[in-house]
Amino acid sequence: MVEASVGKGGFFSFKKILITVIALLALIIAVFSFLNRDQTGLEEGTVIIKAGDTILGRFTIADLQKLPAVEKKMTVNSSQGNSENEFTCVPVLAVLNSIDPGLTQKYKKIITKGVDNYTSGVDMSEVLQPDNVYIAYADHGKPLKTKIGEDGSMRIIICNDDYGQRFTRWLVGMELQ
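Summary of the structure given here. Just so you know, these numbers come straight off a predicted model, no measurement behind them.

## Looking at the pattern of salt bridges
Tallied over the entire structure, the rule returns five salt bridges. Of the charged contacts, one joins D131 and K72 as a salt bridge, the two residues approaching to 2.4 Å between their closest N and O atoms. Separated by 59 residues along the polypeptide, D131 in the loop between α5 (124-128) and β7 (133-139) and K72 in strand β3 (residues 70-78) bring together distant segments of the chain. When its relative accessible area of 44% is taken as the criterion, D131 is described as partly exposed. For the salt bridge of D151 with K145, the shortest nitrogen-to-oxygen distance reads 2.6 Å. With a relative accessible area of 47%, K145 lands in the partly exposed category. When salt bridges that share partners are traced, they join E126, D161 and R166 into one network.

Printed below as a string of structure tokens:
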């Protein structure tokens with residue numbers, strides 16, 4: 001008959017393994033936190049437009065309000081239900097042209113990013129379509145709410161998108177590709 005005994009040495013060995021595993025998990029969490037940190041200081045109320053690592057432009061809501069605005073009435077269909085909106089917005093084409101009128105010819109796609117890290121894509125051909133892709137900053141004349149409920153957010157809207165899954169809320173970044 002074989003007897004197994006867990007003496008004092010077995011308990012300390014288990015404790016060492018447990019401490020090592022906890023330390024290893026803490027190290028993994030720290031590495032992932034470092035890799036996923038916000039490297040550009042993105043904050044709501046400002047959208048950064050870049051190509052690769054080069055920042056091409058930085059727009060606040062006040063900057064957008066200097067461009068010709070339009071009102072867009074639309075129903076946004078989402079998993080949370082339908083909402084009737086009257087967005088005050090600026091065409092993305094006007095924003096890009098204010099940086100460099102040649103951007104729409106140099107790039108094929110825009111990746112939009114929200115403060116919540118939601119990303120979506122818009123083809124440049126959609127941006128070039130009249131009356132289609134906008135940056136909204138107000139709804140029914142009131143500022144869009146930030147993720148934490150304060151005034152001062154932006155949102156991508158795409159008029160030819162029936163369901164609104166690509167409507168990036170809390171817009172903070174646009175990367176041209």
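## Quick word on the side chain of T168
Structurally, the position occupied by T168 is in the loop between β10 (155-158) and β11 (171-176). Residue classification places T168 among the buried residues on the basis of a relative accessible area of 0%. Ignoring any residue separated from it by four or fewer positions in sequence, one finds T168 in contact with T112, K113, G114, Y118, S120, M154, R155 and I156.

## Comments concerning the nonpolar core
Counting 36 residues, the largest nonpolar core has L64, V92, L96, I135, M174 and L176 as its most contacted members. Ranked by residues supplied to this core, first place goes to β7 with six residues.

## Observations concerning the sheet that holds strand β1 (residues 46-51)
Taking strand neighbours across the sheet as the criterion, the five strands line up as β2-β1-β11-β5-β6 in an open arrangement whose pairing is mixed. On the outer flanks of this sheet lie β2 (54-60) and β6 (119-123), each paired with one strand and no other. Taken over all neighbouring pairs, the strand axes of this sheet differ in orientation by 20 degrees on average, direction set aside. With five bridges joining them, strand β5 (residues 109-114) and β11 adopt antiparallel strand pairing. Bridged to T112 within β11 is M174. Here helix α3 (residues 92-99) sits on the sheet in contact with β1, β2, β5 and β11, set at roughly 125 degrees to β2.

About the cut-offs
Residues numbered from 1 in each chain as written. Predicted model: local features only at pLDDT ≥ 70, side-chain atom pairs only at ≥ 80, totals over all residues. Heavy atoms only, no water. Salt bridge = Lys/Arg side-chain N within 4 Å of Asp/Glu carboxyl O. Helix = DSSP H or I, 4+ residues; strand = E, 2+ residues; numbered from the N terminus. Buried < 20%, exposed > 50% of the residue type's maximum accessible area, 1.4 Å probe, protein only. Contact = heavy atoms within 4.5 Å. Core = buried A, V, L, I, M, F, W, Y, C linked by side-chain atoms within 4.5 Å. Pairing = 2+ DSSP bridges. Axes fitted to C-alpha atoms, helices over the stretch in contact; angles between N-to-C directions.

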